[in-house]
Amino acid sequence: MNSPENIRNVIRYLQKFKNALAVIYLDDKTIESPLYSSHIRDIALLHEAGLKVVIVPGARRRIDDVLHDSKIQWKYQDNIRVTESDAMPLIKMAAFDVSNTIMTSLAANGITAIIGNWVRARGKGVLNGYDFGTAGEIEKLETAAIRTVLDDGFIPIFPCIGWNTVGHPYNISSILLAQQVAINLKADKLFFVMQDGRINASRYTIPEGLSLSEDGEVPAMNLEEVDLFLKVNAASAGEKLDTERASVASLLKAAQEACRKGVTRTHIVDGSVDGVLPCEIFSDLGSGTMIYTSNYGKIRPMEQSDVAAVLAVMRPFVASGKLLPRSEKDLFSRLEDYVVYELDGGVHACAALHVYEDGQAEIAAVAVDEAFAHMGIGPKLMEYLMQLAGEMEVSSIFIMTTQAADWFEKLGFQPDTIESLPQERRSIWSKERNSKVYRLAARLC
């Protein structure tokens with residue numbers, strides 16, 4: 001059974017993303033997979049929920065099959081298909097065939113989609129002496145026409161074909177097309193749905209300090225962390241990445257560039273997981289890897305409207321005896337002492353800094369939603385409050401704990417005595433609870 005908080009999160013995200021724009025790239029393996037119909041149904045549900053959706057399907061395997069059946073030779077240069085001009089009619093046919101498959105599947109779910117020629121392209125030409133033949137680059141997107149289609153309630157589908165000003169077609173990269181569509185339309189979300197879309201510790205070298213989920217997945221990276229991830233994985237591979245790592249590296253660079261140019265967030269998700277799209281959109285942690293700019297997750301002062309959520313975060317810690325019980329009245333009376341960690345409008349952690357008359361400060365009520373514990377939020381809250389206490393020029397900082405002494409010691413706290421506490425705090429200490437005192441070493445204050 002779903003928890004009330006999970007249901008509230010879904011409602012919150014429905015409100016947040018109403019009329020938001022999501023560009024979805026579906027790789028060809030996903031389109032050919034047993035879960036394809038489920039992904040299409042999910043896309044239809046997202047559309048019905050009020051999101052504006054654009055689809056860019058991958059067609060590499062379909063193009064390969066058509067060219068192979070016609071005994072037309074091709075090769076790849078820098079991961080770009082290179083063919084002679086006589087292959088272009090077949091490439092175009094295959095690309096539109098895949099797009100038509102998407103359109104037909106959406107129609108079966110009651111959704112109207114339109115395949116359009118909204119891409120102006122130019123030939124890649126000759127680079128470093130190599131002729132790229134029918135391969136093209138995106139020159140311009142007909143943004144106004146695309147927005148009209150979206151405003152009319154339809155889903156635009158982009159084949160991996162672009163045309164120059166005289167109608168000559170070129171084969172373009174679907175991944176770069178999805179990226180450029182998202183950038184030009186200022187998309188809220190860009191999704192790369194890949195059959196091999198898992199970025200985890202079993203496949204890659206994970207930079208120190210990068211948070212992992214319980215199953216070893218990388219749930220999110222900011223732009224700087226993407227650079228670090230690419231650097232350490234290139235180094236671990238001796239600067240020569242295998243095909244899979246090279247593909248993921250290219251994908252991460254495309255995601256990073258999209259975010260740098262205005263896309264709010266880019267998600268790399270595993271197409272072999274059922275329900276991966278709604279899970280990534282309507283939950284705080286999702287099920288893939290999110291690339292984001294620095295505005296994802298923040299520490300801020302607690303507000304009156306946060307009190308119910310903060311009490312919900314505290315509840316399991318109170319039940320286990322790790323925190324003292326607190327009421328709404330308690331939180332309202334010391335509202336200015338509390339900070340929360342907010343992620344996409346939801347509160348998932350809290351802590352408080354109480355300053356006493358003798359100049360001592362107590363960090364208290366540190367609680368992090370268990371589902372988010374792997375993200376390093378607790379240390380971030382502690383660092384924030386320790387810095388705040390330093391700015392307030394307190395004489396020392398202490399904490400009281402029954403079960404988390406090891407964790408606080410790692411942060412530089414050392415055992416102290418009950419007698420060292422301010423009188424006000426000592427008066428509410430109880431022998432029954434027997435909380436231990438730990439104080440931050442003076443050199444760290």
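Residues numbered from 1 in each chain as written. Predicted model: local features only at pLDDT ≥ 70, side-chain atom pairs only at ≥ 80, totals over all residues. Heavy atoms only, no water.

Undergrad: Mind showing me how you'd approach the overall build of the protein here?
TA: When helices and strands are tallied, the protein shows 15 helices and 23 strands. Overall, the protein is about 90 × 50 × 35 Å in size when its C-alpha atoms are taken along their principal axes. Out of the 445 residues belonging to the protein, those deemed buried represent 49%. Sequence-distant contacts in the protein: of pairs separated by 6 or more residues, those separated by 24 or more amount to 69%. Here the protein displays about 21300 Å² of accessible surface, and carbon together with sulfur accounts for 50% of that area. For the protein, the separation between the mean place of its 46 positive charges and that of its 58 negative charges on side chains is 1 Å. (Helix = DSSP H or I, 4+ residues; strand = E, 2+ residues; numbered from the N terminus. Buried < 20%, exposed > 50% of the residue type's maximum accessible area, 1.4 Å probe, protein only. Contact = heavy atoms within 4.5 Å. Areas by Shrake-Rupley, 256 points an atom, 1.4 Å probe, with all protein chains shown as cover. Lys, Arg positive; Asp, Glu negative; His and termini not counted. Charge placed at Lys NZ, Arg CZ, Asp CG, Glu CD.)

Undergrad: Would you mind showing me how to read the packing of helix 4 (residues 60-69) against helix 5 (residues 88-108) here?
TA: A pair of packed helices is captured by two measures, namely the crossing angle of their axes and the spacing between those axes. Where helix 4 meets helix 5, the axes come as close as 9 Å, and the angle between the chain directions of the two elements is 140 degrees. Considered as vectors, helix 4 and helix 5 are oriented oblique to each other. For the element pair helix 4 and helix 5, the recorded crossing hand is right-handed. Residue-level contacts link Arg62, Ile63, Val66 and Leu67 of helix 4 to Leu90, Ile91, Met93, Ala94, Ala95, Asp97 and Val98 of helix 5. (Axes fitted to C-alpha atoms, helices over the stretch in contact; angles between N-to-C directions. Parallel < 35°, antiparallel > 145°, perpendicular 65-115°, else oblique. Left-handed = near helix turned anticlockwise from the far one by under 90°.)

Undergrad: What's the story with the sheet that holds strand 17 (residues 298-301) in this structure? I'm lost.
TA: Sheet strands pair by backbone hydrogen bonding; their relative direction is either parallel or antiparallel. With mixed pairing, 7 strands are arranged side by side in an open sheet as 17-18-19-20-21-23-22. Looking along the sheet, the strands with just one partner apiece sit at the ends: strand 17 and strand 22 (413-416). Looking at each pair of strands side by side, their axes are set apart by 30 degrees on average, direction ignored. Relative to strand 18 (residues 338-343), strand 17 is paired through 4 bridges, and the arrangement is antiparallel. Counted as the bridge partner of Lys298 is Glu342 from strand 18. Where helix 11 (residues 307-319) meets the sheet, its contacts fall on strand 18, strand 19 (346-355) and strand 20 (360-368), and the angle it forms with strand 19 comes to roughly 80 degrees. Against the sheet, helix 13 (residues 377-391) touches strand 17, strand 18, strand 19, strand 20, strand 21 (396-401), strand 22 and strand 23 (436-440), its axis set at about 30 degrees to strand 19. (Pairing = 2+ DSSP bridges.)

Undergrad: I'm lost on the pattern of salt bridges in this one. Help?
TA: Two side chains with opposite charge may pair up if their charged atoms get near one another. On inspection of all chains with the given rule, the structure shows 17 salt bridges. In this structure, Arg198 and Glu217 form a salt bridge, with 2.9 Å as the shortest nitrogen-oxygen distance. Of the two residues, Arg198 sits in the loop between strand 13 (189-194) and strand 14 (220-222) while Glu217 sits in the loop between strand 13 and strand 14, which places them 19 residues apart along the sequence. (Salt bridge = Lys/Arg side-chain N within 4 Å of Asp/Glu carboxyl O.)

Undergrad: I would appreciate a short explanation of the environment of Glu32 in the present structure.
TA: Its location among the elements puts Glu32 in the loop between helix 2 (28-31) and helix 3 (36-48). Given a relative accessible area of 46%, Glu32 falls into the partly exposed group. It is 9.5 Å that separates the C-alpha atoms of Glu32 and Arg61, two residues lying 29 residues apart in sequence. A distance of 3.1 Å separates the side chain of Glu32 from the side chain of Arg61, its partner in a polar contact. (Polar contact = N/O pair within 3.5 Å; in protein donor to acceptor, adjacent residues only side chain to side chain.)

Undergrad: What should I look at first to understand unusual backbone geometry in this one?
TA: Trans is the prevailing form of peptide bonds, just as negative phi is the prevailing case for residues other than glycine. The backbone phi angle of Lys71 is positive, close to 55 degrees, even though this residue is not glycine. Of note, Lys71 is situated in the loop between helix 4 and strand 3 (75-77). Of note in the backbone geometry, Asn434 takes a positive phi value of approximately 55 degrees without being a glycine. Counting through the fold element by element, Asn434 comes out in the loop between helix 15 (423-426) and strand 23.

Undergrad: Explain helix 13 here, please?
TA: An α-helix turns once every 3.6 residues. As a result, residues three or four positions apart point the same way. Over its 15 residues, helix 13 extends 21 Å from the first C-alpha to the last, a length consistent with the 21 Å expected when each residue adds 1.5 Å. When we look at burial in helix 13, the residues that qualify are Ile377, Gly378, Leu381, Met382, Leu385, Met386 and Ala389. In the stretch just after helix 13, Glu393 is the one whose phi turns positive, near 60 degrees. (Expected span 1.5 Å × (residues − 1).)

Treat this as a map of the structure, not an account of what it does.
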